[in-house]
Amino acid sequence: MDKYFTARGATMGLIVRHQQETIELLLQKRMNTGFMDNHWDFAAAGHIEAHESATMCMRREFMEEIEIDVLEKNMKFVHLTHLYDPDHDNTYFNCYFWIDTFSGTPQIKEPHKIAELEWFKINELPESMIPSRYDVLQAILTNTCYSEQGFHI
């Protein structure tokens with residue numbers, strides 16, 4: 001395939017719950033993945049596979065990683081990031097979905113990749129959160145639906 005058509009796609013899920021007057025965000029602590037290990041990330045994420053839509057990927061990743069079921073109709077698209085990773089010469093489109101309705105109880109299903117799974121108040125996030133994910137969250141909270149990362153070197 002021509003190198004001009006090699007952009008990859010990934011999905012990221014923001015699982016939220018309302019606790020009294022605050023919003024809590026479910027984060028996973030990454031390990032043994034080769035990308036930002038020992039940092040906090042959104043609850044589930046993954047690469048979109050061949051013949052799979054972004055919402056199909058998100059639903060699959062939620063089941064594989066934290067064993068919850070999220071129907072496509074309950075996935076609210078909130079952000080798209082066009083990302084260039086110069087270290088690996090990769091271009092990605094990352095789709096972010098906001099989810100506040102799901103079935104099941106979140107639990108670690110990939111203990112070889114997820115060290116911890118924890119709820120955090122959305123305004124009291126851990127310092128070791130992946131910086132690009134934190135930036136996207138701030139964009140989402142200000143209703144910004146598109147961003148670019150890595151192109152302005």
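In this report, the structure presented in the accompanying data block is examined. (Residues numbered from 1 in each chain as written. Predicted model: local features only at pLDDT ≥ 70, side-chain atom pairs only at ≥ 80, totals over all residues. Heavy atoms only, no water.)

## Considering the environment of alanine 44
Link 1 in the chain: Note on placement: alanine 44 falls in strand S4 (residues 44-47).
Link 2 in the chain: Since its relative accessible area comes to 0%, alanine 44 is described here as buried.
Link 3 in the chain: Beyond its immediate stretch of four places on either side in the chain, alanine 44 contacts Thr11, Met12, Gly13, Gln28, Met58, Glu61, Phe62 and Glu65. (Helix = DSSP H or I, 4+ residues; strand = E, 2+ residues; numbered from the N terminus. Buried < 20%, exposed > 50% of the residue type's maximum accessible area, 1.4 Å probe, protein only. Contact = heavy atoms within 4.5 Å.)

## Structural notes on the nonpolar core
Link 1 in the chain: Counting 20 residues, the largest nonpolar core has Leu14, Leu25, Leu27, Phe42 and Tyr96 as its most contacted members.
Link 2 in the chain: Among the elements of the structure, strand S1 (8-19), strand S2 (22-30), strand S3 (40-42), strand S6 (90-99) and helix H2 (131-141) are those that each provide at least two residues to this core.
Link 3 in the chain: Considering each element in turn, this core owes the most residues, four residues, to S1.
Link 4 in the chain: Once residues within four sequence positions are removed from consideration, leucine 25 is found in contact with Leu14, Ile15, Val16, Phe42, Glu118, Trp119, Phe120, Leu125 and Leu137.
Link 5 in the chain: One finds Leu26, Ile66, Ile68 and Met75 within the second-largest nonpolar core, a separate group that totals 14 residues. (Core = buried A, V, L, I, M, F, W, Y, C linked by side-chain atoms within 4.5 Å.)

## Points about the pairing of S6
Link 1 in the chain: Burial analysis of S6 places eight of its 10 residues in the buried class, the great majority of the element.
Link 2 in the chain: Bridge analysis of S1 against S6 gives eight bridges, and the strand direction is parallel. Looking across to S6, one finds that alanine 10 is bridged to asparagine 94.
Link 3 in the chain: As paired strands, strand S5 (residues 76-85) and S6 are joined by nine bridges and run antiparallel to one another. Directly across from aspartate 85, in S6, lies its bridge partner asparagine 90.
Link 4 in the chain: Hairpin connection between S5 and S6: a loop of four residues separates the two successive antiparallel strands, and aspartate 89 in this loop has a positive phi of roughly 50 degrees. (Pairing = 2+ DSSP bridges.)

## Section: unusual backbone geometry
Link 1 in the chain: The phi torsion at glutamine 20 lies on the positive side, around 55 degrees, for a residue other than glycine.
Link 2 in the chain: Looking at the secondary structure, you find glutamine 20 in the loop between S1 and S2.
Link 3 in the chain: Classification of glutamine 20 as exposed rests on a relative accessible area of 84%.
Link 4 in the chain: The backbone of methionine 36 sits at a positive phi, close to 50 degrees, despite the residue not being glycine.
Link 5 in the chain: With a relative accessible area of 29%, methionine 36 lands in the partly exposed category.

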